[in-house]
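Examination of the molecular architecture
Here is what each chain is made of, one letter per residue.
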Amino acid sequence: MSETPYFISLEEAINIAQSTPIKAETEFISLDEAHGRILGSDLPSKVNDPPFDNSAMDGFAVRHEDSKEAPTTLAVVATTQAAASDESISISSGEAVRIMTGAPLPQGADAIIPIEACIVVGDSVTLNQPSKPHFIRRCGENIKEGVVGLKQGSYLSPQSISMCATMGYDQLPVMKKLKIGIISTGDELKSPGEPLSFGEIYESNSYGLSGLVQALGHTPVRYPSVIDSLDDLRAQFNKAASECDLFLTSGGVSMGEWDFVRKLMEEEGDVAFWRVRIRPGSPPLFGHWNDTPMFGLPGNPVSSHVVFRMLVTPYIRSSLQTQFPIDRIVHAKLLTDVRSTNDCLTLRRVTLRSTKEGFLAEQSKHQGSGNIDSLSSADGLTLLQPNQSGKTGEWIEVLLL
Ligand code: AMP
Ligand code: MG
């Protein structure tokens, strides 16, 4: 039997996890519910948009040939507006049609003069500017019928939802939301709001992880935290594995004697890797419990968050075959020294300021991985490669939070 991969690079860890993706399904939902979802298949347009040539301006539809010189006076023979259903409106030489934005272009017209350049007197209009064959929105110039307007895996932003509506869709195939279980572990954990006894701390990871799951558009199932006992953990793992598509634990995966998540996974689960070359956040493991994928995240609050960002997010992204969320990486100049490591990708927390020179990054808070303030007040994580200097003045890559 081969050894479990141990202390591997982030890329290797992502690849191993991705080889057993979550079984993602699609469902149909109405356009009203689609914001923030991931499109489940390519979407070809049902129509040409616009469906007919129409005016981009309020003004007069004219023949370009008649109006190359200004001023020109033409006879106004009709008025037409958006939704005008009379297809017979047309102009001949010396004529113009008063037209509103979105109205179908009258037959014979090939230019629109904006209203601002016209003087209307009775039944005639004087054009104060020479016409150009302008301000006409051509049939299909936005999208042609049958052309894919949005690809499978697209994030449904407000603008892409407008695109779906324009293409004629009232229902959309989307990826089903994943149910992601969250189990925090540790004898010392108390829920916020309860009084603390000596030795206890407030349990914070499950709330942050729940927010991270929601930010990706999925459904967190936050279970009560579990004490460090193999029996209690086993029962909670069984429940989470049967109810969720994926579950996350926090705590209990390091080298300590009370690190029972790792112990349980090693003895009764299926571990695909343990420990990753990132700092903070080197302890995580990935594996399966009763065939349900699970990530064992570190207990330190900064670490659990960072590992979600670096490892769980790419896993969910690839399971749903989407690029969402895109990792936004900027280049920034360091205003303070940032300590790198010789064997890990180092993810220090920095604040950023945008200047004419570019972004300036500052590490202003204590970087202990237990100190969530260093993360909650930060704008980004340094992507310092092993042995990169991290000295003041160096330009580095920063992943935006
Ligand atoms: P562990 O990995 O279980 O040894 O935990 C590492 C550190 O993180 C310890 O100081 C724990 O008290 C702390 N910790 C573990 N779980 C949580 C949690 N859910 N919320 C806040 N801190 C935690
Ligand atoms: Mg613990």
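The sections below set out a description of the structure shown in this document. None of the values given here were measured: they were computed from a predicted structure.

Taken together, 17 residues surround ligand 1, and among them E188, E203, S204, G252 and G299 come closest. The contact in question runs from a nitrogen atom of ligand 1 to an N or O atom on the side chain of E203, over 2.9 Å. Between a nitrogen atom of ligand 1 and a main-chain N or O atom of N205, the distance comes to 3.3 Å. The fraction of the free accessible surface of ligand 1 (480 Å²) that becomes covered by protein chains is 77%. Of the residues that constitute the shell around ligand 1, the class distribution is four nonpolar, 10 polar and three charged.

Another aspect to go through is the pairing of strand β23 (residues 329-334). Burial along β23 is one-sided: the face carrying V330, A332 and L334 is buried and the face carrying I329, H331 and K333 is not. In this sheet, strand β28 (residues 395-400) lies alongside β23 in antiparallel orientation, the contact comprising five bridges. In the strand pairing of β28, A332 is matched with I396.

Take the packing of aromatic side chains next. Applying the stated criterion across every chain, the model contains nine aromatic pairs. Pairing Y6 with F7 gives two aromatic rings, centres 6.4 Å apart and planes at 50 degrees, and the pair type is tilted. Connected via pairs of aromatic rings, a cluster forms that spans F273, F286, F295 and Y315. Sitting over the face of the ring of Y169, K46 holds its NZ or CZ atom 4.6 Å from the ring centroid. Here R275 stacks its cationic end above the ring of F7, 4.8 Å away from the centre of that ring.

This next bit is on the side chain of S160. In this structure, S160 sits in helix α2 (residues 158-166). In this view, S160 contacts L150 and Y155; residues no more than four positions away in its chain are not counted.

Here the focus is the environment of L127. For L127, the location among the structural elements is in strand β10 (residues 124-127). C-alpha of L127 to C-alpha of S67: the two residues are 60 residues apart in sequence and 7.8 Å apart in space. With residues near it in sequence (within four places) discarded, L127 still touches V62, S67, A70, P71, T72, L74, I113, A117 and C118.

Another point: the nonpolar core. Counting 40 residues, the largest nonpolar core has L246, L248, F295, F308, M310, L311 and I316 as the members making the most contacts within it. Within the residue set of this core, elements represented by two or more residues are α1 (10-18), β14 (179-184), α3 (205-215), β18 (246-250), β19 (270-276), β22 (292-297) and α6 (301-319). Element by element, the count of residues in this core is highest for α6, at nine residues. Setting aside residues no more than four positions away along its own chain, F295 makes contact with A17, L246, F247, L248, T249, L285, F286, L311, V312 and Y315. Membership of the second largest hydrophobic core comes to 20 residues, among which are V221, V226, F260 and W274.

If you trace the five strands once around the closed barrel, you get β23-β26-β25-β27-β28, paired in mixed fashion. Between one strand axis and the next, the sheet turns through 50 degrees on average, direction left out of account.

What follows is about the packing of α3 against α6. For the pair α3 and α6, interaxial distance at closest approach is 10 Å and the crossing angle is 20 degrees. One element, α3, and the other, α6, form an angle in the roughly parallel class. The two elements α3 and α6 cross, and the hand of that crossing is right-handed. Every residue of α6 that contacts α3 at N205, L209, L212 and V213 is listed here: P301, S304, H305 and F308. Across the contact of α3 with α6, the residue classes break down as five nonpolar, three polar and no charged.

Moving on, we come to empty space enclosed by the protein. Applying the stated rule across the entire model yields three cavities of 30 Å³ or more. If you go around the largest cavity, the residues you meet are G36, R37, I38, M175, K176, K177, L216, G217, H218 and L320. Taken together, the residues of the lining of the largest cavity sort by class into four nonpolar, three polar and three charged. By volume, the second largest cavity amounts to about 40 Å³. Lining the second largest cavity, in full, are I38, L216, H218, I316, R317, L320, T322, F324 and P325. In terms of residue class, the lining of the second largest cavity is made up of six nonpolar, two polar and one charged.

The next thing to look at is the sheet that holds β18. Ordered in space as β1-β19-β21-β22-β18-β14-β17, the seven strands form an open sheet in which the pairing is mixed. Single-partner strands in this sheet number two, and they are β1 (6-8) and β17 (219-222). Direction aside, the axes of adjacent strands within the sheet are offset by 30 degrees on average. Relative to β18, β14 is paired through five bridges, and the arrangement is parallel. Within the sheet, the bridge partner assigned to S184 lies in β18 and is S250. Where α6 meets the sheet, its contacts fall on β14, β18, β19, β21 (285-289) and β22, and the angle it forms with β22 comes to roughly 155 degrees.

Reading the values: the criteria
Residues numbered from 1 in each chain as written. Chains lettered and ligands numbered in written order. Predicted model: local features only at pLDDT ≥ 70, side-chain atom pairs only at ≥ 80, totals over all residues. Heavy atoms only, no water. Near = heavy atom within 4 Å. Polar contact = N/O pair within 3.5 Å; in protein donor to acceptor, adjacent residues only side chain to side chain. Areas by Shrake-Rupley, 256 points an atom, 1.4 Å probe, with all protein chains shown as cover. Nonpolar A, V, L, I, M, F, W, Y, C, P; charged D, E, K, R; others polar. Buried < 20%, exposed > 50% of the residue type's maximum accessible area, 1.4 Å probe, protein only. Helix = DSSP H or I, 4+ residues; strand = E, 2+ residues; numbered from the N terminus. Pairing = 2+ DSSP bridges. Phe/Tyr/Trp six-rings, centres within 6.5 Å; stacked < 30°, edge-to-face > 60°. Lys NZ or Arg CZ within 6 Å of the ring centre and 35° of its normal. Contact = heavy atoms within 4.5 Å. Core = buried A, V, L, I, M, F, W, Y, C linked by side-chain atoms within 4.5 Å. Axes fitted to C-alpha atoms, helices over the stretch in contact; angles between N-to-C directions. Parallel < 35°, antiparallel > 145°, perpendicular 65-115°, else oblique. Left-handed = near helix turned anticlockwise from the far one by under 90°. 1 Å grid on protein atoms, 1.4 Å probe; cavity = no way out; pocket = protein on both sides within 12 Å on 5 of 7 lines; lining within 4 Å. Points joined across faces, edges and corners; volume = space filled by probe spheres on them.

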